[in-house]
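In case you want the letters, here they are:
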Amino acid sequence: MTAQKCVLVTGIGGNVAQGVLRILAEIEPDLRIVGTNTFLASGGNHLCDTVHVVPPAVDPTFRSALLSIAERERPDLLIPCTDAETLALSLLSDVLPRIAVSPPDVCSTFIDKHLTAQAFSRAGLPFARSALPSAYGGSFGRVIVKPREGRGSRGLVFDPPRPWEFDDTHVVQELLEGDEVTIGFYVTRARSLHGFLVMRRMLQDGTTIACEVTRRHDAAVSALLERLVSALDIRGSCNLQAIVTVDGRIMPFEVNGRFSGTTSIRHHFGLRDVEYTLDEHLWERDPKPVVLSQGSAHRLLMDVIYPGLGLDEPKNKRNRHWIF
């Protein structure tokens, strides 16, 4: 009898990991799923066989905690679902080889918006004009100031009167006008662009609440991604955020070097990057072809009900629960 495969997913308190977990349950229901999070109970617990609490990825004890969990659970594949954990797990690839992640230098670049802008500039790729506050000369017109390592649209300041007064943990970026698009793409272990999907989206507090597939920009996006993949050693699932300007240019302004919040949506429109990850890392086979389709999606809020259990009590898929 073949041993049951185990996949460890980090950050199960967030919508990225919960989307990954739902896909895993759909495509490989026999997998044993281990989840980790920085607090005990979350919306992702009911999708996991076992849940472990870990310190934040920037904590010095994160490495030993994760290694201890891996020694106990023996995962066949690890999937990080937050930016900080993406970098932290990439640094463990010497001892935990089955991690769905890019090399550490790529992860550290994409976590930092200033380093991302520099990488695009070195590669001759378009990117929203960016500068550290200490070097900003006031030439961008309208601007947005962001934390260099921020996420989820936290800490954004639009058109501050004196952008240069922020410290250099921030970045000043040109505020582009046009339609925002999210571009999910997958790069194989052999560094080949396997496919991509462009979606026009609506945001609320940094989270996609509605989106639709658009194929209008495929030629330009394909050329851009091919150049990006040639310039940087990207592996696996990745997400590029961009503005389609009024004159039709694709202008990236941020990259997430991991699965993103729209992973669970694009899975249904043909970019099945969780499935490609299992193909390559778990089953040792070429990823399935990309077959895109049209459509749109809307997000809604639902509840996981655990009768008789308090907030601080451990929970997983074996606890009685229902979704309402």
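Scope of this entry: the structure provided in the associated data block. From a predicted model like this one, the values you see are computed outputs, not experimental measurements.

Let us now look at the environment of Ser102. Within the secondary structure layout, Ser102 lies in the loop between helix H3 (83–90) and helix H4 (104–111). On the basis of relative accessibility, which here comes to 5%, the residue Ser102 falls in the buried class. Look past the residues within four positions of Ser102 in its chain and what remains in contact with it is Ser90, Cys107, Asp233, Ile234 and Arg235. A distance of 2.8 Å separates a polar side-chain atom of Ser102 from the backbone nitrogen of Arg235.

Our focus in this paragraph is the sheet that holds strand S6 (residues 143–147). With respect to topology, 4 strands assemble into an open sheet ordered S5-S8-S6-S7, the strand pairing being antiparallel. Two strands bound the open sheet, and with one partner strand each, they are strand S5 (130–131) and strand S7 (157–158). Relative to strand S8 (residues 170–174), S5 runs antiparallel, the two being bridged by 2 bridges. Bridge assignment links Ser130 to a residue of S8, and that residue is Gln173.

Taken as a whole and judged by the stated rule, the model has 3 aromatic pairs. Note on Tyr186 and Tyr276: the rings are 5.4 Å apart at their centroids and 65° apart in plane angle, and the pair reads as edge-to-face. One end of the pair, Tyr186, is in strand S9 (residues 178–187); the other, Tyr276, is in helix H8 (residues 273–282), with 90 residues separating them in the sequence. Between Lys315 and the ring centre of Tyr306, over which it is positioned, the NZ or CZ distance is 5.4 Å.

By size, the foremost hydrophobic cluster in this structure holds 27 residues, and its most contacted members are Ile183, Phe185, Phe196, Leu225, Leu228, Ile234 and Leu240. Within the residue set of this core, elements represented by two or more residues are H4, helix H5 (113–122), S9, strand S10 (193–204), helix H6 (218–231), strand S12 (236–245) and strand S13 (250–256). A per-element tally of this core places H6 first, with 5 residues. Apart from residues no more than four positions distant in its own chain, Leu240 is found in contact with Phe120, Val181, Thr182, Ile183, Phe185, Leu225, Leu228, Pro252, Glu254 and Val255. Of all hydrophobic cores here, the second largest spans 23 residues; its members include Val20, Leu31, Leu77 and Leu278.

Let's shift gears to the layout of surface pockets. Taken as a whole, the second largest pocket encloses approximately 980 Å³ of empty space. Counting residues per element, the ones that place at least two in the lining of the second largest pocket are helix H1 (15–27), strand S11 (207–213), helix H7 (263–266) and strand S14 (296–298). The biggest single contributor to the lining of the second largest pocket is H1, with 6 residues. For the lining of the second largest pocket, the class distribution of residues is 10 nonpolar, 15 polar and 4 charged.

Thresholds applied
- Residues numbered from 1 in each chain as written.
- Predicted model: local features only at pLDDT ≥ 70, side-chain atom pairs only at ≥ 80, totals over all residues.
- Heavy atoms only, no water.
- Helix = DSSP H or I, 4+ residues; strand = E, 2+ residues; numbered from the N terminus.
- Buried < 20%, exposed > 50% of the residue type's maximum accessible area, 1.4 Å probe, protein only.
- Contact = heavy atoms within 4.5 Å.
- Polar contact = N/O pair within 3.5 Å; in protein donor to acceptor, adjacent residues only side chain to side chain.
- Pairing = 2+ DSSP bridges.
- Phe/Tyr/Trp six-rings, centres within 6.5 Å; stacked < 30°, edge-to-face > 60°.
- Lys NZ or Arg CZ within 6 Å of the ring centre and 35° of its normal.
- Core = buried A, V, L, I, M, F, W, Y, C linked by side-chain atoms within 4.5 Å.
- 1 Å grid on protein atoms, 1.4 Å probe; cavity = no way out; pocket = protein on both sides within 12 Å on 5 of 7 lines; lining within 4 Å.
- Points joined across faces, edges and corners; volume = space filled by probe spheres on them.
- Nonpolar A, V, L, I, M, F, W, Y, C, P; charged D, E, K, R; others polar.

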